[in-house]
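# Fold and contact review
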Amino acid sequence: MTFDVARVRADFPILDREVNGHPLVYLDSANTSQKPRQVLDAMRAHQERYNGNVSRSVHTLGTESTTAYEDARAKIAAFIGAPSPDEVVFTKNSTEAINLVAYTSADLLQLGPGDEIVVSEMEHHSNLVPWQLLCQRTGATLRWFGVTDEGRLDESALDELVNERTKLVSVVHMSNILGTINDPARIVARAHQVGALVLLDCSQSVPHFPVDVVELGADFIAFTGHKMLGPTGIGVLWGRAELLAAMPPFLAGGSTIETVTMAGTTFAAPPARFEGGTPPITEAIGLGAAVDYLTALGMENIHRHEQEITTYALKALADVPGVRIFGPGTPEGRGGTVSFEVAGVHPHDVGQILDDLGVEVRVGHHCARPVCTRFGVPAMTRASFYLYTTTDEIDALARGLEQVRKVFV
Amino acid sequence: MTFDVARVRADFPILDREVNGHPLVYLDSANTSQKPRQVLDAMRAHQERYNGNVSRSVHTLGTESTTAYEDARAKIAAFIGAPSPDEVVFTKNSTEAINLVAYTSADLLQLGPGDEIVVSEMEHHSNLVPWQLLCQRTGATLRWFGVTDEGRLDESALDELVNERTKLVSVVHMSNILGTINDPARIVARAHQVGALVLLDCSQSVPHFPVDVVELGADFIAFTGHKMLGPTGIGVLWGRAELLAAMPPFLAGGSTIETVTMAGTTFAAPPARFEGGTPPITEAIGLGAAVDYLTALGMENIHRHEQEITTYALKALADVPGVRIFGPGTPEGRGGTVSFEVAGVHPHDVGQILDDLGVEVRVGHHCARPVCTRFGVPAMTRASFYLYTTTDEIDALARGLEQVRKVFV
Amino acid sequence: MIDQLYQDIILDHYKHPHGKGLRAPYGGEAHHVNPTCGDEVTIRVAVDGGTLTDISYDGMGCSISQASASVLHELLQGRTVEEAAPVQEAFVALMQSRGQIEPDEEVLGDGVAFAGVARYPARVKCALLPWMAFKDAAARAGVGASPEVKSS
Amino acid sequence: MIDQLYQDIILDHYKHPHGKGLRAPYGGEAHHVNPTCGDEVTIRVAVDGGTLTDISYDGMGCSISQASASVLHELLQGRTVEEAAPVQEAFVALMQSRGQIEPDEEVLGDGVAFAGVARYPARVKCALLPWMAFKDAAARAGVGASPEVKSS
Ligand SMILES: Cc1ncc(COP(=O)(O)O)c(C=O)c1O
Ligand SMILES: Cc1ncc(COP(=O)(O)O)c(C=O)c1O
């Protein structure tokens, strides 16, 4: 199958829109992706035809809704190669998924002073701050991998950093700011050697290339629906069955229980144990439809398309005078997320001029301020691509940057 | 304005559907409500025309999305009489909202052994289990109001139950199983007299009648979008500004921060401090549209309509032989949620026969198992009403119950 | 359609349950709860020389779960552990078939009446509740029951 | 439209900021951060007998926040605290007007060039950043600045 980007684009209503009199050039998919009609239709069908609360009713609407919700879980499990749908916990986003592990691991890992948690300097705040707070609560110590000048994870001190005291390692699979794709194999091996668990923040990987949890060898992964053609309000924690079974409840309430008396409660098996209250039902169904859409196109094909776009973009950006790219300068081991600076122009101003031309990029610290600090800048400009991105759009970006230079340099 | 239920019904696409060959009679709105076209259209418009992540972009899509998200917050603040939109924290549901307070209050209230938390026997599990777990974590003691034979909160021991040791009282505003509407005035007064905070679980009240947080005098209220014509995946914690300002972050990550280094993080002001990661953006916009819809009809009018339906239903049910109603038998101080038993028939079987006739009621313990225990039954059958409920639908319920008796009695 | 669910055999077992009540002696006991509806069942298993000499039970629940316990009693009481295994397996498979399996009356006896239940996903749990509890009770009595019964 | 935002006055102040650099002595200092973009500004205020004798600042940020600091310096330096208050108020009101206010050049001087910024909600924070920091610094210098500047 050849990847037909025009046909893909036809599925995304928003791509017909104009911004400031120019056709929309949406280069901010690492922030949130756009959504195809198929996903919106699946959600609307639920809301208009069989909306009911799940797991609580014997009636037809409730049963249909529950079936669709659980089917979505099964689809997502299959999408990431999870051995069982029961290993898929629905959350509201990646951030909740990571916090779920951070809060419950105090208990699960019996954390205390002397224990260590390892992250990296490349983390999104959502995979950094929960661990900082966990360390504050338990007295454990936070340590981290550095980042090389090329924007790669510095694994040179792996054996020292991940050691007998390490209880959990949580690192990003693909950086949302540098675009780096980390190969977690060595880290996973070392962590398991010393008996530590591994969480991979797959918020940027699961949307963009094939991810198989068994191959990764991780203990947990987290990802989020809105970055993979799904709606806002839905995320996923995948965890190995025996770990989930050993974890206490987190957001407790309706649906998480086995039996309740005023004096005490026993809890349901995973995943119900972790899905307190009415879950994001329509949103899970929407994410299931997104996974169907991605699967039909083929994650390999999507990845190949993005690699082509990235190759083209890296070259186009390098050709603009004054542009410096942060992170890997070639498409090897990186995805379609490219951060850069325009010499002498603040990213806010870069972004504003581009927006005036309909080109939507993100500017700021991208919720990864330590990376900005690492590269000595207060902020970066970031263009990020997805299955609907075209080379024409990259050209529009490059033209926009010339305009930026005209105004400011 | 007279309340035109037929016109209201025309806004709800699902009400045209058939179930098992009969017109849908949806009597499960206390579980989750149906959604009008206006809400679905507002969400679809966001997804198709101006989807972008919030608070993170200078681009046009991001700005439009942020404006709509914050406008929704302002609408909801106005809807509940909150002094400021910044007192409205978006969560994924009531359960998260209550857990947010339960987790942060360990710190906020410096809880320890000897301290007491007070709930009631009438609580939904989502307003019971988080407090049980909080007490387990901190060594505080959980105490509770009982329920009278009439299904009312037993406040006879108020002064003993809420005392100098009490740090927080969390009770339901309207019971999701008995339909009882509690007047929290005495409890609030007593709690504040002894320096305790009050959380009201308004999951069943905010959707059905006017609620004003200032009038209630509570410190926190929690409610949930899907029960008030909004989508799944969105809930609200309202809290007094100075309390929110004093609370530590809970689900930490992107957006909750002020500045981040690897060594430590400072946090943003509320509500951002509590909205970790990408929030349910489309869902908040949908809830804003739901509030517009409710406001346009008038909460007083909705309440009046439901009171009429409830009066009619209480009478219709009383006329079916073998039916016993749990909770207040007259419409005074109760809402349109009526639980009952059919002598000799298990609720599961009642619900199944009704469903065969297109009548959707909920059966089970309704996430309020202690109430079932209190009334000595394993489960109840519940019919619950909303602005779209008609007397014809009540008649269908009564006819269905005759059929239940034919099969089983 | 509803008549498929509430077949006379099921209503009969519900109204006139076989072998109901908890009896001693027994080798293993298990108490199971359906968390969504609060239904409960307690099952006791007595084993003697590889034979299930008594299966006694009690509980609160809907017609489906009560009738299922009665049928379980009828099908497995007095059988050897080896004979019981394929019956259990067949019942679980029937319940998880979403209505796609034609049940074998030779194996399942009155259990065939539950074929209609498989078409009601919300009620499958009701039908399986006693069988899950039986599996645990048998294991506690030292006779590991074979088929994997999914509890969620 | 974008020319409304990047008016020559703003670009001028950005490229040639007035009074930039941190100076001593000072009575109060404040450091503010825009959490979404990482922009930072530090402002120092020196007060003598009710007069703002020096307003010095430094920081990293976009053209809007940098120019805003420069304009703030120009407008308030050397004024009395009483004179400064209405200027602050007018600037904040302008920024929160969503483009609905016609600014008064008598009061705001070069600040009128920020009228266009008010139409870009995402940039209003940039323009207000130095003014919020100034408010805190002035308070720490013992001269409570008046208008409520919303920080979110
Ligand atoms: C009284 C009450 N509290 C809390 C909840 C929990 O709401 P949610 O499931 O949306 O978290 C519900 C409804 O399920 C309820 O009725
Ligand atoms: C690498 C990474 N981790 C975590 C997150 C947080 O995801 P969410 O905002 O959906 O919680 C993001 C995106 O914002 C991300 O890019």
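You'll find chain C entered in an unreviewed UniProt entry as Iron-sulfur cluster assembly scaffold protein NifU, with Actinoplanes nipponensis given as the organism.

Per an unreviewed UniProt entry, the recorded name for chain A is cysteine desulfurase, and the organism is Actinoplanes nipponensis. We quote the UniProt Cofactor (unreviewed entry) comment for chain A here in full: "pyridoxal 5'-phosphate". Here is the UniProt Sequence similarities (unreviewed entry) comment for chain A, exactly as written: "Belongs to the class-V pyridoxal-phosphate-dependent aminotransferase family. Csd subfamily."

## Some words on the UniProt feature "domain: NIF system FeS cluster assembly NifU N-terminal" (unreviewed entry) in chain C
When the UniProt feature table is mapped onto this chain numbering, "domain: NIF system FeS cluster assembly NifU N-terminal" (unreviewed entry) sits at residues 6-126 of chain C. For residues 6-126 of chain C, helix accounts for 39% and strand for 21%, while the C-alpha atoms at its two ends are 13 Å apart.

## So, the site of ligand 1
In the region of ligand 1, 16 residues are neighbours, and Thr-278 of chain A together with Thr-95, Asp-201, Thr-224 and Lys-227 of chain B sit closest. Residues close to ligand 1 are split across chains A and B. Measuring from a nitrogen atom of ligand 1, one finds a side-chain N or O atom of Ser-203 of chain B at 3.2 Å. Between ligand 1 and the protein, one listed contact pairs an oxygen atom with a side-chain N or O atom of Lys-227 of chain B at 2.8 Å. When ligand 1 sits alone it has 390 Å² of accessible area, and the protein chains cover 99% of it.

## Describing the interface of chain B and chain C
Each partner contributes residues to the interface: chain B has 14 residues there, and chain C has 20 residues. The contact between chain B and chain C buries some 1400 Å² in all, and 54% of this surface belongs to carbon and sulfur atoms. Its salt-bridge partner being Glu-40 of chain C, residue Arg-369 of chain B comes within 3.1 Å of it at the nearest N-O pair. The interface formed by chain B and chain C includes 8 residue pairs in polar contact (both at pLDDT 80 or more). With 5 residues, helix α12 (residues 347-356) of chain B is the largest single contributor of residues to the side of chain B that touches chain C. Here the side of chain B that touches chain C is composed, by residue class, of 5 nonpolar, 6 polar and 3 charged.

## What about the packing of aromatic side chains?
In total, this model carries 24 aromatic pairs over all chains according to the counting rule given. Ring geometry for Phe-12 of chain A against Tyr-293 of chain A: centres 6.0 Å apart, planes inclined by 85°, an arrangement best described as edge-to-face. Here Phe-12 of chain A is found in the loop between α1 (5-10) and β1 (18-19), whereas its partner Tyr-293 of chain A is found in helix α10 (residues 281-297), with 281 residues between them in sequence. When sorted by exposure, Phe-12 of chain A lands in the same class as Tyr-293 of chain A, which is buried. Between Phe-91 of chain C and Trp-131 of chain C the ring centres are 4.2 Å apart and the planes differ by 10°, which places this aromatic pair in the stacked class. Remark: Trp-131 of chain C occurs in helix α6 (residues 121-140) and Phe-91 of chain C occurs in helix α4 (residues 81-95); sequence separation between them is 40 residues.

## Some remarks on the site of ligand 2
Looking at ligand 2, there are 16 residues lining it, with Thr-95, Asp-201, Thr-224 and Lys-227 of chain A together with Thr-278 of chain B nearest. Mapping the residues near ligand 2 onto chains gives chains A and B. One of the side-chain nitrogen or oxygen atoms of Thr-95 of chain A is found 2.5 Å away from an oxygen atom of ligand 2. Between an oxygen atom of ligand 2 and a main-chain N or O atom of Thr-278 of chain B, the distance comes to 2.7 Å. Expressed as a share of its isolated accessible area of 390 Å², the protein-covered part of ligand 2 is 100%. Taken together, the residues of the shell around ligand 2 sort by class into 1 nonpolar, 12 polar and 3 charged.

## Some details on the environment of Ala-133 of chain D
As for its placement among the helices and strands, Ala-133 of chain D is situated in helix α6 (residues 121-140). In contact with Ala-133 of chain D, not counting residues within four places along its chain, are Ala-30, His-32, Val-41 and Ile-43 of chain D.

## Thoughts on the sheet that holds strand β14 (residues 323-326) of chain A
All names here are of chain A. Strand order across the open sheet formed by 4 strands is β14-β15-β18-β17, with antiparallel pairing between neighbours. The open sheet terminates on both sides in strands that have one partner only, identified here as β14 and β17 (362-364). Pairwise comparison of adjacent strand axes, ignoring direction, gives a mean angle of 30° for this sheet. Sitting on the sheet, helix α14 (residues 391-408) touches β14, β15 (337-342) and β18 (380-384), and the angle it makes with β15 is about 20°.

## Here's the deal with the nonpolar core
Within the largest apolar cluster, 82 residues are counted, with the highest numbers of intra-cluster contacts made by Phe-145, Ile-221 and Leu-387 of chain B. No other element matches the 10 residues that helix α10 (residues 281-297) of chain B contributes to this core. Two domains each donate at least three residues to this core, and these are domain 1 (5-30 + 298-408) and domain 2 (40-295) of chain B. Residue contacts for Ile-221 of chain B: discarding those within four places in its chain leaves Ile-80, Leu-200, Cys-202, Val-206, Val-211, Val-213, Leu-216, Val-236, Leu-237 and Trp-238 of chain B. In this structure, Phe-3, Val-54, Val-118 and Ala-191 of chain A belong to the second largest nonpolar core, which totals 81 residues.

Reading guide: rules and limits
- Residues numbered from 1 in each chain as written.
- Chains lettered and ligands numbered in written order.
- Predicted model: local features only at pLDDT ≥ 70, side-chain atom pairs only at ≥ 80, totals over all residues.
- Heavy atoms only, no water.
- UniProt positions renumbered as here; feature names shortened; annotations may be inferred.
- Helix = DSSP H or I, 4+ residues; strand = E, 2+ residues; numbered from the N terminus.
- Near = heavy atom within 4 Å.
- Polar contact = N/O pair within 3.5 Å; in protein donor to acceptor, adjacent residues only side chain to side chain.
- Areas by Shrake-Rupley, 256 points an atom, 1.4 Å probe, with all protein chains shown as cover.
- Contact = heavy atoms within 4.5 Å.
- Buried area = accessible area lost by both parts, 1.4 Å probe.
- Salt bridge = Lys/Arg side-chain N within 4 Å of Asp/Glu carboxyl O.
- Nonpolar A, V, L, I, M, F, W, Y, C, P; charged D, E, K, R; others polar.
- Phe/Tyr/Trp six-rings, centres within 6.5 Å; stacked < 30°, edge-to-face > 60°.
- Buried < 20%, exposed > 50% of the residue type's maximum accessible area, 1.4 Å probe, protein only.
- Pairing = 2+ DSSP bridges.
- Axes fitted to C-alpha atoms, helices over the stretch in contact; angles between N-to-C directions.
- Core = buried A, V, L, I, M, F, W, Y, C linked by side-chain atoms within 4.5 Å.
- Domains from an automatic or database assignment.

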